[in-house]
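Survey of secondary and tertiary structure
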Amino acid sequence: MGTGVRAVVAVGRVLSAALLVAMSTIHLVLLMREGFDIPVVGSAFLLSAFGGLVLATSTLLVPRRWLTPVALSGTFFTGGTVGALVLGMVELLGAVGSPLVSAALLMESAGIAALTVTAVLASHRRFGPR
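Everything numeric here is computed off the predicted structure, so don't read it as measured data. (Residues numbered from 1 in each chain as written. Predicted model: local features only at pLDDT ≥ 70, side-chain atom pairs only at ≥ 80, totals over all residues. Heavy atoms only, no water.)

Before going further, it helps to spend a moment on the overall build of the protein chain. Counting its secondary structure elements, the protein chain contains four helices and zero strands. Along the protein chain, from the amino end to the carboxyl end, the secondary structure elements read α-α-α-α. Going through the 130 residues of the protein chain one by one, you find that 42% of them count as buried. Contacts spanning at least 24 positions in sequence make up 75% of the contacts within the protein chain whose residues lie at least 6 apart. For the protein chain, the accessible area works out to roughly 7,100 Å², and carbon and sulfur atoms hold 71% of it. (Helix = DSSP H or I, 4+ residues; strand = E, 2+ residues; numbered from the N terminus. Buried < 20%, exposed > 50% of the residue type's maximum accessible area, 1.4 Å probe, protein only. Contact = heavy atoms within 4.5 Å. Areas by Shrake-Rupley, 256 points an atom, 1.4 Å probe, with all protein chains shown as cover.)

As structure tokens, this is what we get:
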């Protein structure tokens, strides 16, 4: 793997992890602020926060040969949180105009992009594990 590509993959790891942590933090803040009397919503936000932290840690710590599956897992996980937010949770919370909802969508969208690029670069035969 070339030095430039290694640097890009390293930056991708850190950026992906940071965005996953930001997403997790937003979900925790929403959980604490709203209290979520609806058990499914509160549980979903708690699971999302915990899952994001686990994936962020994994993104930083796994060996390069495992980075692609971990980054793809993060991509699909984050995509699921976006889908849940867009399809239902915004309605349940009544928080369409909430700045935290906008921030969550921004962080999650950027996270999907960063995780996807990191996964692709880490998996490319020329750049990936041999």
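Back to the write-up after that little detour.
Counting nine residues, the largest nonpolar core is built from I26, L30, L31, V41, F45, L85, L100, V101 and A104. Contributing elements (two or more residues each) for this core: α1 (3-34), α2 (39-61) and α4 (99-123). Counting eight residues, the second-largest nonpolar core is a separate cluster that includes L20, M23, L55 and A119. (Core = buried A, V, L, I, M, F, W, Y, C linked by side-chain atoms within 4.5 Å.)

Moving on, we come to the environment of A44. Tracing the sequence through the fold places A44 in helix α2. For the pair A44 and L31, spaced 13 residues apart in sequence, the C-alpha to C-alpha distance is 9.5 Å.

All quantities given are derived from atomic positions and should not be read as evidence of function.
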